[in-house]
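Chain residues, written in single-letter form:
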Amino acid sequence: MEDYILEVVYSMQWSLAISNSEQLNDEEVMLPGYLKQSSPIISAAMDTVWAVLTINQWDSLISKSCERSMEFGELWAMTLKCLIEKFKKYEAGQELKVIHICKTDRFDILTEESVGTLKVLIPYLQQNDISMILDIHTAKLITSPQENITEIHGCLGALCVIHTCLLSLTKVTEVAILEAISDWKDFDIFLFSRKVEDVGCKVLFLNVEVIRFLSVTVQKIPRSLSAQTWDFILCSLVEWIQSITDSITDEGNSIYFKVFCAEISNLIHAIVTLLEDENASKAALISPDLISEWKEFFSPGIFTAFLPLFFKFTNSLDQNLISVSDHLLLQSVCRAACCAPCELLQQVELKPRLVPSCTIPDVLQTVMNHLMGMLQSKVRPIQLAAYKILAKLMSLLPEYDKGRSDVANTDETGETNF
């Protein structure tokens, strides 16, 4: 019975992974009908099973799924996560015994499978245990030789685990690997101003994990970032955006490119959210010099390159054939584009879309007309981005409407013209 349940849950995770149905609406993404229906049907059927399982059966199920995750990884890690979530729901207060495996030597040498298993188990550990795992893999990253930087048993795997630990810790003051990561630029590891297809998967995955780590660091421990570290983060971001510009094609882009671009967009959003937060400035989380540098140099440099990419992504998309990966990419890209300041939105070079006798400047009018068209998109992230950016630009219109309001007064005959 337990093996049967495992296979059913595995099939449910496969359906979720393909359709990502927890985040997408059916009408937004082209998927086979059975994918839209199978996961909810299986989930509803399994709810009757979870309620009657004994503690011993739960322990056996979770233990077996953990072993399969350690051996095969991939969807078995998702299966393990699903079972733990159901256990916590139906057996609240009971001990989750499988987490004790984290304290054994089975994770001394990391593999793709063991990293995936750790990423599932870490959120359920005690805070002290998470801190211990963080310290172990921090030391592993710092002491790894150069040839192991892009290896899963070296810095790449350690960085994946560190990122998960940071997400799971409620209190963290600093992580002692930023200097080591910044030193990797001397080894030609970073994807700076290079095309994505020109580097191997290991180098690309390392860049993605570094970007993820920087995002969570900016969000959770900005106070620990020195001026030198901020220079590294912001300069790296400019270089990574240039890599997107160099790599994007009209024929379609790989899933690796989409992941890379999405994580860069997430980093942009994390940085802007922090630097434009007045409370963060008052709490001395960021320095006035950093805010000044951001507004005068880095923000223009980043958004001048990023905004054309945003419009290119949204305009080149065949909305009748949008894939799951396209949708997830657009979620991140659109969220980052909404952070752009008004003055930089007015500098985007787009195909002119003008209305005769309009008092609004041509550049602003073109941008707004492009965004008006995006409001009709079938893809919700595009709709929301267009709405939010237009709402931001609306604050500029009264300045250009003064001339018309002056005309809309009484003419020589005493009549009002509008």
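Preceding this paragraph is the structure being described.
What counts, and where the lines are drawn
- Residues numbered from 1 in each chain as written.
- Predicted model: local features only at pLDDT ≥ 70, side-chain atom pairs only at ≥ 80, totals over all residues.
- Heavy atoms only, no water.
- Helix = DSSP H or I, 4+ residues; strand = E, 2+ residues; numbered from the N terminus.
- Expected span 1.5 Å × (residues − 1).
- Buried < 20%, exposed > 50% of the residue type's maximum accessible area, 1.4 Å probe, protein only.
- Contact = heavy atoms within 4.5 Å.
- Axes fitted to C-alpha atoms, helices over the stretch in contact; angles between N-to-C directions.
- Parallel < 35°, antiparallel > 145°, perpendicular 65-115°, else oblique.
- Nonpolar A, V, L, I, M, F, W, Y, C, P; charged D, E, K, R; others polar.
- Salt bridge = Lys/Arg side-chain N within 4 Å of Asp/Glu carboxyl O.
- Phe/Tyr/Trp six-rings, centres within 6.5 Å; stacked < 30°, edge-to-face > 60°.

Engineer: How should helix α6 (residues 127-143) be read in this particular structure?
Structural biologist: Think of an α-helix as turning once every 3.6 residues; residues three or four places apart then point the same way. Taking 1.5 Å per residue, 17 residues should reach 24 Å; α6 reaches 24 Å between its end C-alpha atoms and fits that length. Along α6, the positions that sit buried rather than exposed are D129, I130, I133, L134, H137, T138, K140 and L141. Against α5 (112-121), α7 (155-168) and α8 (178-183) lie the buried residues of α6.

Engineer: Even after reading the chapter, I still don't get unusual backbone geometry, so can you show me in this structure?
Structural biologist: Excluding glycine, residues mostly carry a negative phi; peptide bonds, for their part, are mostly trans. Even without glycine at this site, E74 takes up a positive phi of about 50°. With respect to the helices and strands, the residue E74 is situated in the loop between α3 (55-72) and α4 (75-90). At D188, a residue that is not glycine, the phi angle is positive and equals roughly 60°.

Engineer: Is there a simple way to explain the packing of α5 against α7 in this structure?
Structural biologist: A pair of packed helices is characterised by two quantities: the angle between their axes and the separation of those axes. Packing of α5 against α7 brings their axes to within 9 Å, and their N-to-C directions diverge by 10°. In terms of their interaxial angle, α5 and α7 are classed as roughly parallel. Counted together, V115, L118 and K119 of α5 and G157, C160, V161, H163 and T164 of α7 form the full contact between these two elements. Considering only residue class, the contact of α5 with α7 consists of 4 nonpolar, 3 polar and 1 charged.

Engineer: Help me out: how do you make sense of the pattern of salt bridges in this one?
Structural biologist: Two side chains with opposite charge may pair up if their charged atoms get near one another. Applying the stated criterion to the full structure yields 9 salt bridges. One salt bridge in this structure joins D3 and K64, with 3.6 Å as the shortest N-O distance. Taken together, the residues D3 in helix α1 (residues 2-19) and K64 in helix α3 connect sequence positions 61 residues apart. Its relative accessible area of 40% is what places D3 among the partly exposed residues.

Engineer: In this structure, what is going on with the packing of aromatic side chains? I would like to understand it.
Structural biologist: Any pair of aromatic rings gets described here by the distance separating the centres and the angle formed by the planes. Applying the stated rule across the entire model yields 11 aromatic pairs. When the centroid spacing of 5.4 Å and the interplanar angle of 25° are considered together, the rings of W50 and W58 count as stacked. The class for W58 is buried, based on a relative accessible area of 0%. With a centroid separation of 6.1 Å and 80° between ring planes, the pair formed by F190 and W240 is classed as edge-to-face. Pair noted here: F190 is in the loop between α8 and α9 (201-220) and W240 is in helix α10 (residues 227-247), with a separation of 50 residues, a long-range link. Exposure remark for F190: the relative accessible area of 3% places this residue in the buried category. Using a relative accessible area of 0% as the deciding quantity, one classes W240 as buried. These aromatic residues form a ring-pair network of at least three members: F190, F192, F232 and W240.

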